[in-house]
2 protein chains.
Amino acid sequence: MKFIIQRDQLIESVQNVMKAISSRTTIPILTGMKIEASEEGIKLTGSDSDISIESFIPQEEDGIVYVEHIEPGSIVLQAKYFPDIVRKLPQKTVEIESDNNRNVTIRSGNAEFHLNGQDPEEYPQLPQLHTEDSFELPIDLLKNLIRQTVFAVSTSETRPILTGVHVKMEDGELEFIATDSHRLASRKIPLEQPEGKALPSVVIPGKSLTELNKILDDSEDTIEVSVTENQVLFRTKHLYFLSRLLDGNYPETSRLIPEQSKTIVKIDAKELLQSVDRASLLAKENRNNVVRLITKENNHLEITGNSPEVGNVVEEVLASDVDGEDLKISFSAKYMMDALKAVDYDQVKVEFTGAMRPFLIRPVDDDQILQLILPVRTY
Amino acid sequence: MKFIIQRDQLIESVQNVMKAISSRTTIPILTGMKIEASEEGIKLTGSDSDISIESFIPQEEDGIVYVEHIEPGSIVLQAKYFPDIVRKLPQKTVEIESDNNRNVTIRSGNAEFHLNGQDPEEYPQLPQLHTEDSFELPIDLLKNLIRQTVFAVSTSETRPILTGVHVKMEDGELEFIATDSHRLASRKIPLEQPEGKALPSVVIPGKSLTELNKILDDSEDTIEVSVTENQVLFRTKHLYFLSRLLDGNYPETSRLIPEQSKTIVKIDAKELLQSVDRASLLAKENRNNVVRLITKENNHLEITGNSPEVGNVVEEVLASDVDGEDLKISFSAKYMMDALKAVDYDQVKVEFTGAMRPFLIRPVDDDQILQLILPVRTY
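The rules behind these values
Just so you know, the residues in each chain are numbered from 1, in the order the chain's sequence is written. The order in which chains are written sets their letters, starting at A; the order in which ligands are written sets their numbers, starting at 1. The predicted origin of the model limits local features to residues at a pLDDT of at least 70 and limits the giving and counting of side-chain atom pairs to 80 or more, whereas totals for whole chains, interfaces and linings rest on all residues. To obtain the side-chain values, all non-hydrogen atoms of the structure were included, while hydrogens and water were left out. UniProt positions are given in the numbering used here, feature names are shortened, and annotations may be inferred rather than shown by experiment. Here, residues are in contact when the closest pair of their heavy atoms is within 4.5 Å. Buried area: the accessible area, evaluated with a 1.4 Å probe, that two parts lose upon being put together, summed over both parts. One speaks of a salt bridge when a side-chain nitrogen belonging to Lys or Arg is within 4 Å of a carboxyl oxygen belonging to Asp or Glu. Contacts described as polar in this section are N or O atom pairs within 3.5 Å, which, within protein, must combine one atom able to donate a hydrogen with one able to accept it, while residues neighboring in sequence count only if both atoms come from side chains. Working definition: helices are DSSP H or I runs of at least four residues, strands are E runs of at least two. Numbering for both runs from the N terminus. When residues are grouped by polarity, Ala, Val, Leu, Ile, Met, Phe, Trp, Tyr, Cys and Pro land in nonpolar, Asp, Glu, Lys and Arg in charged, and all others, Gly among them, in polar. Here, any two strands with at least 2 DSSP bridges between them count as paired. In superposing the copies, a least-squares fit is computed on C-alpha atoms, taking residues whose pLDDT is at least 70 in both.

Identification of chain A as Beta sliding clamp from Halobacillus locisalis is taken from an unreviewed UniProt entry. Recorded in UniProt for chain A, the comment headed Subcellular location (unreviewed entry) runs: "Cytoplasm".

Have a look at this one:
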């Protein structure tokens, strides 16, 4: 195997593929990165068996040559050192070569690295997904779907299914739902189902979506999502991101969402966020970082935080509108801040159904985003 | 006590003073920050008994009013929450007030914090330095003196005196010296001695100088340095930085510096730095991160790193000049990179006296900076 490649393209691909490589894998060859050269270009592969990522650098695209002097072949390199080596090379181009004894040479300017390669035949074959269950959506929209839901997955393994994001396609809508049973985040978008077929609803590990979100650049290009029984594949022009799915039934979450509300607050999201943030500064001694919200006269809210040892905070916030019953309620400041950041609209509507029932946060004029938080009992 | 103060000035002062406050102190009141209001302005104090920092915000300066409505008094506040509170306040001004029961109220816009203050009488009095042993130098020059030496102090407590920087004033020169016994960094500047008096030579803890360097902004303003038997004070217009000195005799380091050399290499510092950096990538398995340098024909150097398990690196660097005996020498890549960064000149001169003797790195045309490294024995 031999080729000369543009360093900057190689750096980017290596960084993407590294997201799937863990040094703590039980399969030693997976600590390495597979490099395959063909006449079409260079393919890098990394995997921790949960997530597998392939990144492709074409020999030439849009008249720009990225790879030259290709002699096809493949090798597996220790991933621990490879990213630093590539990043610190002195020249704009890099020559990578492996001989029959799997000795790999990386040359750039007057720098020459000799690395011991591993047998590419030992590297597990990535499953080829055969499915017609696929759909496309713009990359920036997918990134939003992930960003607005994935923070709410459970970090505890007591109910493994809750560590994933529930992805459903029904009635011409695609929906992402995440809950850790103390809060819930959901985002819907209208999406034409491919040829009218229903797609299976799946649960994608939160970690996979977080890594995918890091790799994808904001762009209006489309990404193809394909689903099988136990895997999901995200594919762009040069990226192939495969994740296992979580086994088991995702709980029915729609019944959690209150259908009527007793107090509705319309308010500037940023002002509410900053007030809750400040109130929480002195609520950190409590394990749950709990703040209290009380409706006052003339559309005012009082938000308070309290640590008897240290002191307390009182925040007064003017809402645009407060409608319905008076309310005293306590909740996790962190959950509220996460939800407000995810909603990402200037004006939000917070719908309460009494101090003991979950409440909803959503944009004033948009039903596609919904955040739900369970209050905290305080006496 | 009561006053209204510009938030941004307060944030900066609080951040500076926090550098002296540790949550792990054995004296509980020192986990707090002392605030003193007088007609002249506001003084903040923090201390961990090794370092004490006072920052002063004048009531008014250059026609700009920083503090208004001052009612003199003082209080000690828990430092753990104070910086975050101040940083997140909603308005440009902050009102701080304490009553006779040491209840402190911090108000800004619609945010109101109530904190339990502590008795300022319990806060230890900072020693007032009475000394005529002082001198002045520009702040940016002091920052350079620190930056070019402090990294070489010892991090081990086996010889505590080596955790400090030796500061000497002799023959019209001020010199900073640091060594961990494997390497040495020194920087001299010409400095008129105050009224011809010799100043005592002292050893300042490396940690104190590192914190001081973080607080000082690059500036051509001068800073006053005063020395007593066991303390050193750095004073600018609004900052008072006091550090204890290290007890004991600093070793005589001048005899470490070879007086003649057998091989002299003149070379571009950045090129050498980058080559050593790359060679070290595959030398990390060795505890000491050792690379090897060999002189070649026609002013070429070969720099190599080797990890038998992983592979090796060969770097070829063209020096501007190589004069004297051929050489093979091994050294810590980290020490070499630290030294080259500290020298901070384009062209450096590296003077070797054989493979077993310490070697020197300094700028080609400047004798005020000197870096010394002990080679590593490899067979």
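What follows picks up the thread again.
J.: Explain the interface of chain B and chain A to me, please; I cannot follow it from the model alone.
T.: Much of the literature gives interface size as the accessible area that the parts lose upon coming together. Each partner contributes to the interface: chain B provides 28 residues, whereas chain A provides 28 residues. Both faces combined, the contact of chain B with chain A buries some 2,600 Å², and carbon together with sulfur accounts for 54% of it. In terms of surface lost to chain A, no three residues of chain B exceed Y81, R278 and L281 of chain B, which account for 23% of the buried area on that side. Across the chain B-chain A interface, the total number found is two salt bridges. Put simply, D277 of chain A and K88 of chain B hold a salt bridge, and the shortest N to O gap is 2.9 Å. Along the contact surface separating chain B from chain A lie 16 residue pairs in polar contact (both at pLDDT 80 or more). Of all the secondary-structure elements, those providing two or more residues to the side of chain B that touches chain A are α2 (82–87), β11 (111–116), α5 (269–281) and β23 (311–318) of chain B. In terms of residue class, the side of chain B that touches chain A is made up of 13 nonpolar, five polar and 10 charged. Two strands pair when backbone bridges link them, and strand β23 (residues 311–318) of chain A and β11 of chain B are joined in this way by five bridges, in the antiparallel orientation.

J.: Can you help me understand the relation of the copies chain B and chain A in this one?
T.: Taken together, a rotation about one axis and a shift along it account for how the two chain copies relate. Superposing chain B onto chain A requires a rotation of 180 degrees together with a translation of 0.0 Å along the rotation axis, leaving an RMSD of 0.0 Å. What we have between these two chains is a two-fold relation. Across chain B, the rotation axis passes nearest the C-alpha of K214 of chain B, at a separation of 16 Å. A share of 100% of the interface residues of chain B reappears at the interface of chain A, consistent with the copies meeting face to face through the same patch.

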